[in-house]
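# Notes for the structure review
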Amino acid sequence: MFGRRNASNVLPVMWTVGELEIPCTRHDTGGSFGGTGTRDYLAMNPNGRIPTLRDGDFVLWESNAIVRYLCRRHDGHGALLPRSEEGYALADQWMDWHKTTLYPPYIDLTWALVRTEPAVRDRRRIEDLQAQTETGLAILDKHLARTGHAVDDRFTMADIPLGALVHRYLNLEIERPAFPHIASWYARLSKRPAFIEHVMFPFGNDPGEWYRLERETP
Ligand SMILES: N[C@@H](CCC(=O)N[C@@H](CS)C(=O)NCC(=O)O)C(=O)O
């Protein structure tokens, strides 16, 4: 697996690897580690982005596609796979919603805060991105009120990208509205050893901290 550990799109992949106990070597790539612009890397992933998975001769990019692949390929005991076609389709739905609706304002918010020096932060833009992120999270909160998880009344692959994003959101230095159902779901996720190991580590509050922690994470 190619990708620096602190990348928001690497978190779900490594969390999945941890849940399924898949033997995996992660190569620090991207960010301050570089390596995404080489000819060999671009041959694997023409986007020059991370994560990229190499499983034998098979190469795959797009983090949520990698999570789905790992589950189909390596989840022999059905630990993370939904139990029906409908359940799988609903997991797909929430994972696509994560990537297309919830993630864009959240990642822009992260950049506007953590990846921008405090002195030059754009308060109005930050407020706007916070509001957009909260709109998405309110939808998730209402959904979790019904089932307690993204699909199937139990933890599945669909909880993984959502949970990784929510962890980061909850650790941004901002004021937040209460999302009670997200809070109780997050408390349950926080007891999972793979979540603790691969997601719940500090990522900093400004560019200096971010880069220091990027180099410090194992
Ligand atoms: N949709 C892609 C997005 C990939 C992406 O933009 N990854 C970021 C890190 S989260 C990246 O490659 N940034 C450049 C870098 O780290 O060098 C996915 O989910 O895998």
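Keep in mind that this is a model prediction, so the values were computed, not measured.

### Observations concerning the nonpolar core
Trp 15, Leu 140 and Met 157 are the most contacted members of the largest nonpolar core, which has 65 residues in total. Here this core takes 12 residues from helix α4 (residues 85–113), the largest share from any one element. Ignoring anything within four residues of it in the chain, the contact list for Trp 15 reads Phe 155, Asp 159, Ile 160, Gly 163, Ala 164, Leu 189, Arg 192, Ala 194, Phe 195, His 198 and Val 199.

### Re the domain arrangement of the chain
Segmenting the chain into domains produces domain 1 (10–79) and domain 2 (85–207). Listed by partner, the interface residues are 15 residues for domain 1 and 22 residues for domain 2. A buried area of about 1,700 Å², summed over both sides, lies between domain 1 and domain 2, and 65% of it is on carbon and sulfur atoms. Its largest share of buried area at the contact with domain 2, domain 1 owes to Leu 11, Trp 15 and Arg 68, together 45% of the area lost on that side. For the pair domain 1 and domain 2, the number of links is three salt bridges. Taking the shortest distance from any N to any O, the salt bridge between Glu 19 and Arg 192 comes out at 2.8 Å.

Reading the values: rules and limits
- Residues numbered from 1 in each chain as written.
- Predicted model: local features only at pLDDT ≥ 70, side-chain atom pairs only at ≥ 80, totals over all residues.
- Heavy atoms only, no water.
- Core = buried A, V, L, I, M, F, W, Y, C linked by side-chain atoms within 4.5 Å.
- Buried < 20%, exposed > 50% of the residue type's maximum accessible area, 1.4 Å probe, protein only.
- Helix = DSSP H or I, 4+ residues; strand = E, 2+ residues; numbered from the N terminus.
- Contact = heavy atoms within 4.5 Å.
- Domains from an automatic or database assignment.
- Buried area = accessible area lost by both parts, 1.4 Å probe.
- Salt bridge = Lys/Arg side-chain N within 4 Å of Asp/Glu carboxyl O.

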